[in-house]
Amino acid sequence: MNNLQIALNWSLFGKVFPVYECDTWEGGRFHAKKTPVTPSGHLDATQDPDQIVKWWDKDPNRLVALWTENGLAVLDIDIDLETGEDGFDRIRED
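Definitions and cut-offs
- Residues numbered from 1 in each chain as written.
- Predicted model: local features only at pLDDT ≥ 70, side-chain atom pairs only at ≥ 80, totals over all residues.
- Heavy atoms only, no water.
- Phe/Tyr/Trp six-rings, centres within 6.5 Å; stacked < 30°, edge-to-face > 60°.
- Buried < 20%, exposed > 50% of the residue type's maximum accessible area, 1.4 Å probe, protein only.
- Core = buried A, V, L, I, M, F, W, Y, C linked by side-chain atoms within 4.5 Å.
- Contact = heavy atoms within 4.5 Å.
- Salt bridge = Lys/Arg side-chain N within 4 Å of Asp/Glu carboxyl O.
- Helix = DSSP H or I, 4+ residues; strand = E, 2+ residues; numbered from the N terminus.

Asks: Can you break down the packing of aromatic side chains residue by residue, with the values?
Replies: Scanning the model with the defined rule gives two aromatic pairs in all. Geometrically, the ring pair formed by tryptophan 55 and tryptophan 56 is edge-to-face, given 6.2 Å between the ring centres and 75° between the ring planes. Each member of the pair, tryptophan 55 together with tryptophan 56, is buried.

Shown next, in the form of structure tokens:
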């Protein structure tokens, strides 16, 4: 599944917006990984499929961010790169 399809799927649950996939220089400015691409940041988030398609047609590698308004909570679970510990295992243990 590509990032456009992910954005369209997530937009069924809330507003989405594109973010930088890695630290990058663009337009003469530094943009950190996972910061918004859009001029007004998360305030540009939308559920409009036409706008979503425009954003990801312009750059299909952008990551998808979901604006967590209205009480929506997100849990980001990772693998610890130093120890190899799986975040899901840690949650189960705790």
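Having seen it, we continue.
Asks: Hey, could you go over the nonpolar core for me, with residue numbers and the actual values?
Replies: Grouped together as the largest cluster of nonpolar side chains are ten residues: Ala7, Val16, Phe17, Val19, Ala45, Ile52, Trp55, Trp56, Val64 and Ala65. Non-local contacts of phenylalanine 17, meaning those with residues more than four positions away in its chain, are made with Pro36, His42, Ala45, Trp55, Trp56, Leu63, Val64, Ala65, Leu66 and Trp67.

Asks: Could you give an account of the pattern of salt bridges, naming the residues involved and the relevant values?
Replies: All chains considered together, the criterion is met by four salt bridges. When the shortest N-O distance is used, the salt bridge between arginine 62 and glutamate 26 registers 3.1 Å. With arginine 62 in the loop between α2 (49-58) and β4 (63-66) and glutamate 26 in strand β2 (residues 24-26), the pair connects residues that are 36 residues apart, well separated along the chain. Note on arginine 62: relative accessible area 7%, which makes it buried. Across the salt bridge formed by aspartate 89 and arginine 92, the nearest N and O atoms sit 2.6 Å from each other. Pair noted here: aspartate 89 and arginine 92 are both in helix α3 (residues 87-93), with a separation of three residues, about one helical turn. On the accessibility criterion, aspartate 89 (34% relative accessible area) is partly exposed. The exposed category is assigned to arginine 92, whose relative accessible area is 60%.

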